[in-house]
Amino acid sequence: MNTLFKLARRNIWRNKRRTLLTMSSIFLAAFIALFTRSMQFGTYDLMIENTVRLSTGYIQIHDKGYWENKSINNTFEDSPQLEKELSSYKEITQVIPRLESFALASSGKHTKGTIVIATNPATEDSVSKLSEKIIFGSYLTNDDGIIVAEKLAKFLELTVGDTLVLLGQGYHGVTAAAQYPVKGIFHFPIPQLNNQLIYMNLSEGQNFYAAPNRLTSLSIMLKDESQLDDVLEKLKSELDPKKFEVMRWEEMNKELVQAIQSDNAGGVIMLGILYIIIGFGVFGTVMMMTIERRKEFAVMIAVGMRKSQLALMTAIESVLIGVISIIIGILAAYPILYYLYLHPIPLSGDIAEAMTVFGVEPILPFSIDPSLFLNQGITVFIIMIIAIIYPISIIFRLNILKAMRG
Amino acid sequence: MEIIKTVNLQKTYAESAVPVRAVNDISVSFDAGEFTAIVGPSGCGKTTLLNLIGGLDNPTSGEVIIDGMNLYSLKPKEITDFRLKNIGFVFQAYNLIPVLSAKENVEFIMNLQGVPKKERDERVEKLLEQVGLKDQMNRRPGELSGGQQQRIAVARALAANPKFVLADEPTANLDSASTNNLLDIMLKLNETENTTFIFATHDSRVMKKARRLIELDDGKVIADKTN
Ligand SMILES: Nc1ncnc2c1ncn2[C@@H]1O[C@H](COP(=O)(O)OP(=O)(O)O)[C@@H](O)[C@H]1O
Ligand SMILES: [Mg+2]
């Protein structure tokens with residue numbers, strides 16, 4: 001094996017130009033692949049992060065059946081036990097209790113259907129940075145003041161200080177009706193929601209819906225997304241499945257997951273095409289390396305080398321070319337990607353506007369997830385192995401005498 | 001002591017319109033310690049006979065007996081193994097692995113066979129000394145002359161301690177000085193180590209030094225004389 005490795009290492013430099021050319025092509029492909037994948041993954045991460053922060057959290061706990069039927073009757077009691085339970089997880093950074101339902105908002109001669117989210121102002125803000133979205137007035141406090149989304153406020157011709165009447169159906173069919181002072185108006189980045197969101201203090205909401213101490217959801221934030229599976233498993237086993245449903249963000253944001261999947265598939269296809277082209281170049285090189293050494297191989301076999309050893313030697317040659325290229329590719333790409341990871345490219349113009357509309361920060365973020373590099377490494381390795389299959393079959397079919405004469 | 005015997009050995013190439021009997025019913029035997037040249041004009045069947053004896057080819061009919069054993073009754077894999085352990089080869093060209101130094105070329109087979117380093121080093125040193133190239137041992141084949149390359153090839157052929165060495169036109173690409181030098185080295189190995197050499201050649205310089213000449217024509221032995 002040592003001998004074979006030494007041979008392989010020296011053999012690849014016999015035709016320096018050809019080897020360097022092949023390596024450059026692999027390097028280039030790996031670099032392009034790393035760059036585009038890093039950008040894609042970075043964007044996905046950002047989209048997920050945004051969604052998770054603005055809406056569902058990584059995990060949500062509901063009353064069993066709530067997600068299918070989002071009714072105020074499918075709520076659960078916010079017991080101190082549950083809170084204590086959740087606070088014992090060191091992976092969990094924040095838990096946002098929310099009571100969410102519909103209400104008819106009316107001001108003057110205007111009336112409109114709205115979504116009312118009653119929440120803990122401080123925790124909500126620490127996760128979704130809602131206070132930064134206030135454009136007039138001020139953010140929620142512990143009083144009865146509410147904040148209203150920009151477009152909704154415009155429709156209802158509301159300004160800060162006005163009073164808004166809300167009408168809805170409370171817990172177990174109780175009629176909910178109350179009026180609230182508007183403390184602030186906020187801009188919400190998702191247009192649909194900018195048309196209908198109202199936030200209020202959790203206890204106000206619970207009073208309004210006649211659901212004291214009840215919640216529709218507990219949204220859970222984690223230190224790190226990688227802890228999701230663990231925490232989810234633990235929660236599922238610890239919470240009574242007859243009373244609660246525990247859902248992960250993917251289940252609650254199917255559209256986002258699908259959008260990411262289809263974009264990702266597009267990326268994979270593009271890289272697939274790139275790697276196929278590179279693969280043919282690599283194949284040409286290893287094929288040439290085999291064909292032009294047939295005489296040499298014949299003598300090597302005649303004097304004692306086994307065909308399997310020869311095959312292994314050529315395989316090592318191929319893998320060496322690939323491994324050296326991908327390592328250089330990673331070494332070259334990593335500092336650049338790391339820099340871009342720390343300093344995402346800010347976007348401007350139409351794209352930036354479109355992204356803002358969808359609630360995404362207008363930046364081009366990059367990911368430096370280790371799997372990114374590992375995947376490209378494995379891909380190149382597989383290409384090198386596939387490229388060598390046919391040349392190896394030539395070695396096994398090599399007729400010593402014909403090769404020596406030819 | 002007889003080490004190689006061919007019995008009614010035949011090799012016919014049937015691919016062309018007229019079948020070529022490259023080796024046509026040859027029965028000949030070789031003793032240990034011989035220094036023999038198989039001679040004859042180009043195309044008379046020297047290479048074919050040598051390859052058959054060396055287990056590199058397959059006879060159409062007849063037998064090759066080495067040390068009492070019928071070589072072609074073995075399975076192909078066993079023949080390969082047998083060849084490794086018992087037969088040394090020197091070819092006309094491409095003998096050496098270009099990316100290995102002279103020393104590495106000589107020890108290459110022993111490396112593949114997993115011979116311990118100490119034993120390897122001793123053997124390589126002795127062989128390089130015997131072919132007079134110890135001071136060139138770190139050079140690659142490309143940095144050696146044709147004659148030096150063939151001497152390394154002889155050392156390599158002897159590395160695995162074979163029963164005999166088959167050399168097909170080993171001097172074809174060499175000038176007279178190199179040819180004589182190579183022949184003298186092989187003669188000396190033959191005399192001091194009792195190494196058996198069988199050449200295929202049409203080089204008169206080799207014929208002059210050979211102790212036995214087997215002359216072929218059209219795949220048949222037409223003369224077999226001892227000098
Ligand atoms: N693979 C082959 N196919 C067809 N004919 C061959 C083949 N190998 C050798 N021959 C023929 O067999 C004869 C003997 O060849 P060879 O043993 O190489 O002769 P020599 O080594 O004495 O020059 C020649 O006529 C040659 O053309
Ligand atoms: Mg010949």
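Residues numbered from 1 in each chain as written. Chains lettered and ligands numbered in written order. Predicted model: local features only at pLDDT ≥ 70, side-chain atom pairs only at ≥ 80, totals over all residues. Heavy atoms only, no water.

Peer 1: Honestly, the site of ligand 1 in this entry has me stumped. Any pointers?
Peer 2: Around ligand 1, 13 residues are found, and the nearest of them are Arg405(A), Gly43(B), Lys46(B), Thr47(B) and Thr48(B). Nearby residues around ligand 1 are contributed by chains A and B. In this structure, a nitrogen atom belonging to ligand 1 sits 3.3 Å away from a side-chain N or O atom of Glu15(B). Contact distances for ligand 1 include 3.1 Å between an oxygen atom and a backbone N or O atom of Gly45(B). (Near = heavy atom within 4 Å. Polar contact = N/O pair within 3.5 Å; in protein donor to acceptor, adjacent residues only side chain to side chain.)

Peer 1: Sorry, what's going on with the domain arrangement of chain A here?
Peer 2: The figure often quoted for interface size is the accessible area lost as the parts come together. Here chain A is partitioned into domain 1 (2-51 + 256-405) and domain 2 (65-240). The distance between the C-alpha centroids of domain 1 of chain A and domain 2 of chain A comes to 49 Å. (Domains from an automatic or database assignment.)

Peer 1: Is there a simple way to explain the packing of aromatic side chains in this structure?
Peer 2: Two aromatic rings, taken as a pair, are described by how far apart their centres are and by the angle between their planes. Residues and elements named next belong to chain A. Inspection of the entire model under this criterion finds 16 aromatic pairs over all chains. Ring plane angle 70 degrees and centroid distance 6.1 Å describe the contact between tyrosine 180 and phenylalanine 208, whose orientation is recorded as edge-to-face. With tyrosine 180 in strand β8 (residues 175-186) and phenylalanine 208 in helix α7 (residues 202-208), the pair connects residues that are 28 residues apart, well separated along the chain. Geometrically, the ring pair formed by phenylalanine 283 and tyrosine 390 is tilted, given 6.4 Å between the ring centres and 40 degrees between the ring planes. Separated by 107 residues along the polypeptide, phenylalanine 283 in helix α10 (residues 254-291) and tyrosine 390 in helix α14 (residues 370-397) bring together distant segments of the chain. (Phe/Tyr/Trp six-rings, centres within 6.5 Å; stacked < 30°, edge-to-face > 60°. Helix = DSSP H or I, 4+ residues; strand = E, 2+ residues; numbered from the N terminus.)

Peer 1: Can you help me understand the interface of chain B and chain A in this one?
Peer 2: Taken together, the contact pairs 23 residues of chain B with 21 residues of chain A. Around 2,000 Å² of area is buried between chain B and chain A when both sides are counted, 69% of it from carbon and sulfur atoms. A per-residue breakdown of the area chain B buries against chain A is headed by Tyr94(B), Val99(B) and Leu112(B), which together make up 27% of the total. One can count two salt bridges joining chain B with chain A. The closest approach of N and O atoms between Arg10(A) and Glu104(B), which form a salt bridge, is 2.6 Å. (Contact = heavy atoms within 4.5 Å. Buried area = accessible area lost by both parts, 1.4 Å probe. Salt bridge = Lys/Arg side-chain N within 4 Å of Asp/Glu carboxyl O.)

Peer 1: Got a minute to help me understand a nonpolar patch on the surface in this structure?
Peer 2: Residues and elements named next belong to chain A. On the surface, Val323, Ile327, Leu331, Leu374, Ile378, Phe381, Ile382, Ile385, Ile386 and Ile389 cluster together into a nonpolar patch covering about 920 Å² of accessible area. Within the residue set of the nonpolar patch, elements represented by two or more residues are α12 (307-342) and α14. For the nonpolar patch, the element with the most residues is α14, which contributes seven residues. When you line up the elements, isoleucine 327 lands in helix α12. (Patch = residues over 30% accessible without salt bridge, like charges linked within 9 Å, V, L, I, M, F, W, Y side chains within 5 Å. Areas by Shrake-Rupley, 256 points an atom, 1.4 Å probe, with all protein chains shown as cover.)

Peer 1: How do you make sense of the pairing of strand β6 (residues 146-149) of chain A when you look at a structure like this?
Peer 2: The side chains of a regular strand alternate, first on one face of the sheet and then on the other. Residue and element names in this part refer to chain A. Covered by surrounding structure in β6 are Ile146 and Val148 together with Ile147 and Ala149, the residues of both alternating faces. With four bridges joining them, β6 and β8 adopt parallel strand pairing. Within β8, the residue paired with alanine 149 across the bridge is phenylalanine 186. Pairing geometry for β6 and strand β9 (residues 197-201), over two bridges, is antiparallel. From the neighbouring strand, valine 148 faces β9, where its bridge partner is isoleucine 198. (Buried < 20%, exposed > 50% of the residue type's maximum accessible area, 1.4 Å probe, protein only. Pairing = 2+ DSSP bridges.)

Peer 1: What am I meant to see in the nonpolar core here?
Peer 2: Inside soluble globular proteins, nonpolar side chains tend to come together where they are buried. Leu7(A), Met300(A), Met305(A), Met313(A), Met404(A) and Phe108(B) are the most contacted members of the largest nonpolar core, which has 78 residues in total. Among the elements that make up this core, the one with the highest residue count is α12(A) (eight residues). Of all hydrophobic cores here, the second largest spans 67 residues; its members include Val52(A), Val127(A), Leu218(A) and Leu222(A). (Core = buried A, V, L, I, M, F, W, Y, C linked by side-chain atoms within 4.5 Å.)

Peer 1: What am I meant to see in the packing of helix α5 (residues 146-159) of chain B against helix α6 (residues 176-193) of chain B here?
Peer 2: How two helices pack is summed up by the angle between their axes together with the distance between the axes. Residue and element names in this part refer to chain B. Interhelical geometry of α5 versus α6 gives an angle of 20 degrees and a closest axis separation of 9 Å. If you check the angle between α5 and α6, you find them roughly parallel. α6 is crossed by α5, and the crossing has right-handed handedness. Note on element contacts: α6 touches α5 through Ser178, Asn181, Leu182, Ile185, Met186 and Leu189, opposite Gly147, Gln150, Arg151, Val154 and Leu158. For the contact of α5 with α6, a count of residues per class yields six nonpolar, four polar and one charged. (Axes fitted to C-alpha atoms, helices over the stretch in contact; angles between N-to-C directions. Parallel < 35°, antiparallel > 145°, perpendicular 65-115°, else oblique. Left-handed = near helix turned anticlockwise from the far one by under 90°. Nonpolar A, V, L, I, M, F, W, Y, C, P; charged D, E, K, R; others polar.)

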